[in-house]
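In case you want the letters, here they are:
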Amino acid sequence: MAEIQELLDELRGLPSSSPRTARELADTVGRVKSAAGRWSDVLDDVRRWSAAHAGPRAAAALEIAFRKAEECFVELEIAHQDLKLTGEQR
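K.L.:
Just give me the short version of the overall build of the protein, but keep the residues and values in it.
P.N.:
For the protein, the helix and strand inventory stands at three helices and zero strands. The linear arrangement of helices and strands in the protein, starting from the amino end, is α-α-α. For 90 residues, the compact-globule estimate of 2.2 N^0.38 gives 12 Å, and the C-alpha radius of gyration of the protein, at 16 Å, exceeds that figure by more than 25%. In terms of its C-alpha atoms, the protein occupies a principal-axis envelope of roughly 50 × 25 × 15 Å. By the burial criterion, 21% of the 90 residues in the protein qualify as buried. Pairs at least 24 residues apart make up 65% of the contacts formed inside the protein by residues separated by at least 6 positions. In the structure as shown, the protein presents an accessible area of about 6,400 Å², 56% of it carried by carbon and sulfur atoms. For the protein, the distance from the average site of its 13 positive side-chain charges to the average site of its 16 negative ones is 3 Å.

Okay, structure coming up:
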């Protein structure tokens, strides 16, 4: 799956040091949000494949994992928007 390799590359590209400014934090959260979106897409694909190839427990667990990934993306979007607004007000 090329999507997984792209996700790993994106995660490896994140800064290894802590952000020093609100702008750097907003940029980092934006990049993490992007990676979370990719992860959600990967889980969505796996969830769809599981319908035909997995038992009901595995399918249910994959559905929950996908939903949690989507929730994570939404929360990161909220944080990112708030950080951008906070940075603009300074």
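K.L.:
Outline the environment of S34, supporting the account with residue identities and numerical values.
P.N.:
The residue S34 is located in helix α2 (residues 22-53) in this model. The sequence separation of S34 and E71 amounts to 37 residues, and the corresponding C-alpha distance is 13 Å.

K.L.:
Which residues make up the nonpolar core, and what are the values?
P.N.:
Formed by A26, V29, A36, L76 and L83, the largest nonpolar core amounts to five residues. Listing elements by their share of this core, those giving two or more residues are α2 and α3 (56-89). Per-element tally for this core: the top contributor is α2, with three residues. In this structure A26 touches H80, L83 and K84, once residues within four positions along its chain are discounted.

K.L.:
Summarise the packing of helix α1 (residues 2-12) against α2; cite the residues concerned and give the values.
P.N.:
At a minimum axis distance of 10 Å, the contact between α1 and α2 shows a crossing angle of 160 degrees. When the axes of α1 and α2 are compared, the pair comes out roughly antiparallel. In the packing of α1 onto α2, the handedness of the crossing is left-handed. Only R31, S34, A35, R38, W39 and V42 of α2 make contact with α1, whose side of the interface consists of E3, I4, E6, L7, E10 and L11. Its residues assigned to classes, the contact of α1 with α2 comprises six nonpolar, one polar and five charged.

K.L.:
Tell me what's going on with a nonpolar patch on the surface, and back it up with residues and numbers.
P.N.:
Together, I4, L8 and L11 give the surface a local cluster of nonpolar side chains, amounting to about 210 Å² of exposed area. Looking at the secondary structure, you find L11 in helix α1.

Rules of the game
Residues numbered from 1 in each chain as written. Predicted model: local features only at pLDDT ≥ 70, side-chain atom pairs only at ≥ 80, totals over all residues. Heavy atoms only, no water. Helix = DSSP H or I, 4+ residues; strand = E, 2+ residues; numbered from the N terminus. Rg over C-alpha atoms; globule rule 2.2 N^0.38 Å. Buried < 20%, exposed > 50% of the residue type's maximum accessible area, 1.4 Å probe, protein only. Contact = heavy atoms within 4.5 Å. Areas by Shrake-Rupley, 256 points an atom, 1.4 Å probe, with all protein chains shown as cover. Lys, Arg positive; Asp, Glu negative; His and termini not counted. Charge placed at Lys NZ, Arg CZ, Asp CG, Glu CD. Core = buried A, V, L, I, M, F, W, Y, C linked by side-chain atoms within 4.5 Å. Axes fitted to C-alpha atoms, helices over the stretch in contact; angles between N-to-C directions. Parallel < 35°, antiparallel > 145°, perpendicular 65-115°, else oblique. Left-handed = near helix turned anticlockwise from the far one by under 90°. Nonpolar A, V, L, I, M, F, W, Y, C, P; charged D, E, K, R; others polar. Patch = residues over 30% accessible without salt bridge, like charges linked within 9 Å, V, L, I, M, F, W, Y side chains within 5 Å. Salt bridge = Lys/Arg side-chain N within 4 Å of Asp/Glu carboxyl O.

Structural measurements only, silent on function.
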